[in-house]
Amino acid sequence: MNYEAVIGLEVHVQIKTHSKVFTRVGAGYGHEPNTLTDPVVLALPGTLPVMNKAALDAIIKAGLLLGCEIAPVCKWDRKQYFYPDSPKNYQISQYDQPICIGGSVEIELPGAARNIMGEHKKIPLARIHLEEDVGKLNHHAADSLVDYNRAGTPLMEIVSDPAMHTAEEAYAYLTSIRHTMIYGGISDCDMEKGQLRCDANISIRPVGETKLGTKVELKNLNSISFVRDGIAHEIKRQLAVVAAGGKLIQETRDYDGQTGTSQSLRSKEMAHDYRYFPDPDLMPVQVDAAWKEKLRAECPELPFDKQRRFLRDYQVPYTITSVLIPERGLSDFFEASAQLAGPGRAQAVGNWIANDFLRELSAAKLPLGASKITPASLAELVGLVEAGTLLNTAAKEVFVAMFATGEAPAAVVARLGLAAVPSDAGELETWCRDSIAANPKALAEFKAGKDGAINAFKGPVMKAGKGKANPKLVDETLRRLLAGA
Amino acid sequence: MTAPLHFQSIAELSEHLAARRISSVELTQAVIARTKAVESRVHAFNSFDEPDALAQAAASDSRRAGGQSCGALDGIPIGLKDVIAVSGQPLTASSKMLANFVSPYNATVTESLQGAGAVLHGRLNCDEFAMGSSTENSAFGPAHNPWDLTRTPGGSSGGSAAALAAGAAIATLGSDTGGSIRQPAALCGLVGLKPTYGLISRFGLIAYASSLDQIGPFARTVEDAAIVLGAIAGHDPRDSTSFKTEIPDYRAELKRRRGPWKLGIPEEYFGAGLDPEVGAAVEKAIAFYKAQGCEIREVSLPHTHYCLDAYYVIATAEASSNLARYDGIRYGHRSREAKDVLDVYQKSRAEGFGDEVKRRIILGTYVLSSGYYDAYYLRAQKVRTLIRQDFLNAYREVDALITPTSPLPAFKLGEKSADPLAMYLCDIYTIGVNLAGLPALSLPCGFTAGGLPIGLQLIGQPFREADLLATAHAYEQAHDWHTKFASL
Amino acid sequence: MAAPSDLNIDRIAELSRLALTAEEKVRFSAQLGSVLGHIEQLSKVDVTGIEPTAHAFPLHNIWAADIARPGLAVADALRNAPAQRENMIVVPKVME
Ligand SMILES: [Mg+2]
Ligand SMILES: [Zn+2]
């Protein structure tokens, strides 16, 4: 029998806000333990939650970016369970009235080759709701230590339909969510910092069957590649169990990315009964058209839409777009520079960014925003090359200097004497004449119709020009002279 | 003959203070002396901090000396029920769970009173986590009624009532979820006001049932209640259920708002179970209003019969959730027997909570548990809508309602503690008000033959405390119940 | 509506994390049975078409601007902790 896997993902995304979701103490990562608490975070007796407007803005924006319906009214529910990282022993979340309903995530599957765009599809979403994060447990040999800095950080839970079938799809889904959230300024989605977390519900069923099989929840998929590996591993495991005539049990398994294995969480935790009920301490949220439209106006173009536009409007190769698109700042830089550079020069701009610029940034360990190169200076550089004023090899040198000092390209060229020579055609013509005269054999061959013979004249010209002669100009000049010879 | 300082009203004492006839330190010393004299018999306090109170009083005196006095409450000793957070002071909710807890922050009402210059004096005894009607559920032992020490002062804010009735404070704050201010006020011969839900910030009030809890004053007179209410009422951005509404000068309005009012008598509040002496005193009060030209109308609140049931479902459900945080992890009692985390929870909570708290947590957990939510919690919320509607319908005809506050005067300590349901029935006249979110107050309207105070309940319209207080004031001005003090 | 007889005291005690003695289980079951018996009356009310009341005076969009304010000093945050080490709360080892 042929089986297919069915995968649904629950993705938690920390929303980037200054303060927590239900109180105004600061939110952040990497602070000393328990320095980001207040009476509300610690659930001290008598404390009450107050919503953070920015967290609501962010989740509505996320919903708009993913094509969700934004509920006109949503409310807050208490999800009740005891755990030491949960200060109130209930989590304020949204149960039956989430703020975002439906929507989808566009994904791209790997293409046939690195330079070929893969298949795109849309993974439907069930919902997105807002809730609060819990604290962090640090496990030691004899006990556990609790740090509540993370508790109360705004957290979006994005729940997909069980609509994915391969680990690749899940990987692409998570990647797409990541890019979209970064674009929207909603989250930095740094998995190492726990800003993006993923649980997968995985089952297998005979192809053609519509009912879902026994579901296994895979936890702790805490890097984007562990998501792919863990899911692939789990699908394989389930298929093996069934192939061996075994029966799958509904369970939660913990994936260990280091060893590539998973094990059942035989937690002594009692069966859950979350006893959801509306939080009486909070009032509902009503989202009207004006609020939605204000946020819609702040929504950026989605990464895949931008990619399609770059391919169409700038004629840049797919491989370049796949470097530019994931980072909104980089793609914006490209677009600004390409527009300044003018028609036909976008590909060159893209190449500079994808190769030299990223290389220099990473060598200098600088973020894009700290770079001294501007879209205008890069456009100018491309212009000099296109005009023949600057040769490619020299241009590379100019770029490095621009990166280091922030000088305009023309200034670097002048300072380092890197302009293509000659600056007047007379000198070049002399070198060409000399070269033709010095090589009658090649001249004869050329005249006999062997076009390749022209290359024999070029070496001496380049040598005379000390490498700075513009090869295109050299070729043109030689042809003009040869035609008259 | 004037009453001793500790039995005088805020209105009187603030005049003495203003005229420099007394200092706040003198007044506070008098109140503390009285506290020490009666506390062993009344047990109204969980704790009090004499040096702290005297330091506040001294600060008040120096403010006054510098011409910076903040008003009528400046220098007046006010006690707080031990469910209201005061930074640096114990906050126990009369529970073993919080026996050693010290609050690192202030409730909003605490800051309001401090801002008004009040001298915060003492953490007042109450039923554990405000659950009860007799203060017998306090882990630290019951409070006693100053009018008869063998009897309960009522509850849950029994300490707030007993302290004031005993002269151990000039006014106090309590909290009222199902009658916990009004019933003890009635049983101790005091004015007790439960404001409209949302008028007073709940920030810093230990939650029992979030959608019903409200802080309010106990006072010797309606005017004093108006003064304290004015200091604590108003919008608080730290409480999302706090209402933005204009706060009138309640004290000044007492004189401006005069009747005659149209007063409704809900027939359901005068049935079986009402003590005849209480009933008679309330009838006399009704007759007084009628004689003053008020129109008295019979009204019906047909869903009254379901108030207790809706209340016990909603209140316990919310309580079961609100009390989940008392787990022995971050603060509070942690069992020494705990070997693992589950033990920390189960044993700490078993050791830290008393029986009534456990019962309500169990009931609340049950009504929210899988499969029961619709039948209990959701249904109770719908019944709550009907109960609320009853009151709003009545207010189309009348300005306020008159009822007894408690079906019984103060009962003997121990009399009802074995039967939770009998105890719950003490609240039948007060619970509907909480479900509807309305303001209501209890004021003295007489004594039983045995000398126990009787309370009259006036139920007002949302956010119209000024009218409610004025209605009560009119009665009080014509009677002298408030000039009588418990002798002990 | 459910009959009070189906109050599974063990399950409810488990959910509410209360270690009850055998005596308490019997006593609370009986007491709550009578309270639930009273509460049963709610099933007699016709609530068809009636909206639930979650708040006596419903409001909406009650929020604050996202401005971070200082919180508690660590010493104050941990002041009431039953056990602490390295500025964190100590709990018995949590098995995950
Ligand atoms: Mg979930
Ligand atoms: Zn979640």
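Residues numbered from 1 in each chain as written. Chains lettered and ligands numbered in written order. Predicted model: local features only at pLDDT ≥ 70, side-chain atom pairs only at ≥ 80, totals over all residues. Heavy atoms only, no water.

This part covers the sheet that holds strand 2 (residues 84-85) of chain C. Here four strands make up an open sheet; going across it, the order is 10(A)-11(A)-3(C)-2(C) and the pairing antiparallel. In this open sheet, the two edge strands, each paired with only one partner strand, are strand 10 (136-139) of chain A together with strand 2 of chain C. (Pairing = 2+ DSSP bridges. Helix = DSSP H or I, 4+ residues; strand = E, 2+ residues; numbered from the N terminus.)

The periodicity of an α-helix, 3.6 residues per turn, causes residues three or four places apart in sequence to face the same way. The terminal C-alpha atoms of helix 2 (residues 22-39) of chain C lie 25 Å apart, and with 18 residues this matches the ideal 26 Å at 1.5 Å per residue to within 8%. Residues of helix 2 of chain C that are buried include every one of C:Glu24, C:Phe28, C:Gln31, C:Leu32, C:Val35, C:Leu36 and C:Ile39, and no others. Projected onto a plane normal to the axis of helix 2 of chain C, the buried residues spread over an arc of 140° and lie on a single side. Exposed side chains of helix 2 of chain C directed beyond 90 degrees from the buried face belong to C:Ala22, C:Val26 and C:Ala30. Residues of helix 2 of chain C that are buried sit in contact with helix 10 (307-322), helix 12 (355-368), helix 13 (374-394) and helix 14 (420-424) of chain B together with helix 1 (9-15) of chain C. (Expected span 1.5 Å × (residues − 1). Buried < 20%, exposed > 50% of the residue type's maximum accessible area, 1.4 Å probe, protein only. Arc of directions from axis to C-beta. Contact = heavy atoms within 4.5 Å.)

Here we come to the interface of chain A and chain B. Counting from both sides, the interface comprises 33 residues of chain A and, opposite them, 41 residues of chain B. In this assembly, chain A packs against chain B so that about 2,900 Å² is buried in total across both faces, 60% of it on carbon and sulfur atoms. The largest per-residue losses of area from chain A upon contact with chain B belong to A:Pro45, A:Leu48 and A:Phe82, which jointly make up 21% of the total buried on that side. Inspection of the region where chain A meets chain B yields one salt bridge. Applying the counting rule to chain A against chain B returns 21 residue pairs in polar contact (both at pLDDT 80 or more). Looking at the side of chain A that touches chain B, the elements that each hand over two or more residues are strand 5 (77-80) and strand 17 (277-278) of chain A. Of the residues contributing to the side of chain A that touches chain B, the split by class is 22 nonpolar, five polar and six charged. (Buried area = accessible area lost by both parts, 1.4 Å probe. Salt bridge = Lys/Arg side-chain N within 4 Å of Asp/Glu carboxyl O. Polar contact = N/O pair within 3.5 Å; in protein donor to acceptor, adjacent residues only side chain to side chain. Nonpolar A, V, L, I, M, F, W, Y, C, P; charged D, E, K, R; others polar.)

All names here are of chain A. Under the criterion given, the structure shown has eleven cavities of 30 Å³ or more. Counted as a void, the largest cavity has a volume near 210 Å³. Lining the largest cavity are 22 residues, and of these Val40, Val41, Lys88, Ile92 and Glu132 lie nearest its centre. When residues of the lining of the largest cavity are assigned to their parent elements, the largest contribution, three residues, is made by strand 6 (residues 90-93). Split into classes, the residues belonging to the lining of the largest cavity amount to eleven nonpolar, five polar and six charged. (1 Å grid on protein atoms, 1.4 Å probe; cavity = no way out; pocket = protein on both sides within 12 Å on 5 of 7 lines; lining within 4 Å. Points joined across faces, edges and corners; volume = space filled by probe spheres on them.)

A word on the layout of surface pockets. In this structure, the second largest pocket occupies an estimated 760 Å³ of space. Residue lining of the second largest pocket: 36 residues in total, with A:Lys75, A:Pro278, B:Gln381, C:Pro52 and C:Ala54 positioned closest to the centre. Taken together, the elements giving at least two residues each to the lining of the second largest pocket come down to strand 17 of chain A together with helix 13 of chain B. Ranked by the residues each element gives to the lining of the second largest pocket, the list is headed by helix 13 of chain B, at six residues. Classifying every residue of the lining of the second largest pocket by side-chain character gives 19 nonpolar, nine polar and eight charged.

A grouping of A:Met1, A:Tyr3 and A:Leu239 is seen on the molecular surface, where their side chains present a nonpolar patch of about 320 Å² in accessible area. Residue classification places A:Leu239 among the partly exposed positions, given a relative accessible area of 34%. (Patch = residues over 30% accessible without salt bridge, like charges linked within 9 Å, V, L, I, M, F, W, Y side chains within 5 Å. Areas by Shrake-Rupley, 256 points an atom, 1.4 Å probe, with all protein chains shown as cover.)

This next bit is on the coordination of the zinc ion (ligand 2). All names here are of chain A. Those protein atoms acting as donors to the zinc ion (ligand 2) are His12 (NE2), Glu131 (OE) and Glu157 (OE), and they sit at 1.9 to 2.1 Å. Binding-site remark: the zinc ion (ligand 2) is held by donors from one chain whose sequence spacing is H-x118-E-x25-E. Between the zinc ion (ligand 2) and the magnesium ion (ligand 1), the interatomic distance is 4.2 Å, and Glu157 donates to each metal, bridging them. On the criterion of sequence distance, the pair formed by His12 in strand 1 (residues 3-14) and Glu131 in strand 9 (residues 120-132) is long-range, its members being 119 residues apart. Like Glu131, His12 is buried. (Donors = N, O, S within 2.8 Å, 3.2 Å for Na, K, Ca; no water.)

All we've got here are geometric facts, nothing functional implied.
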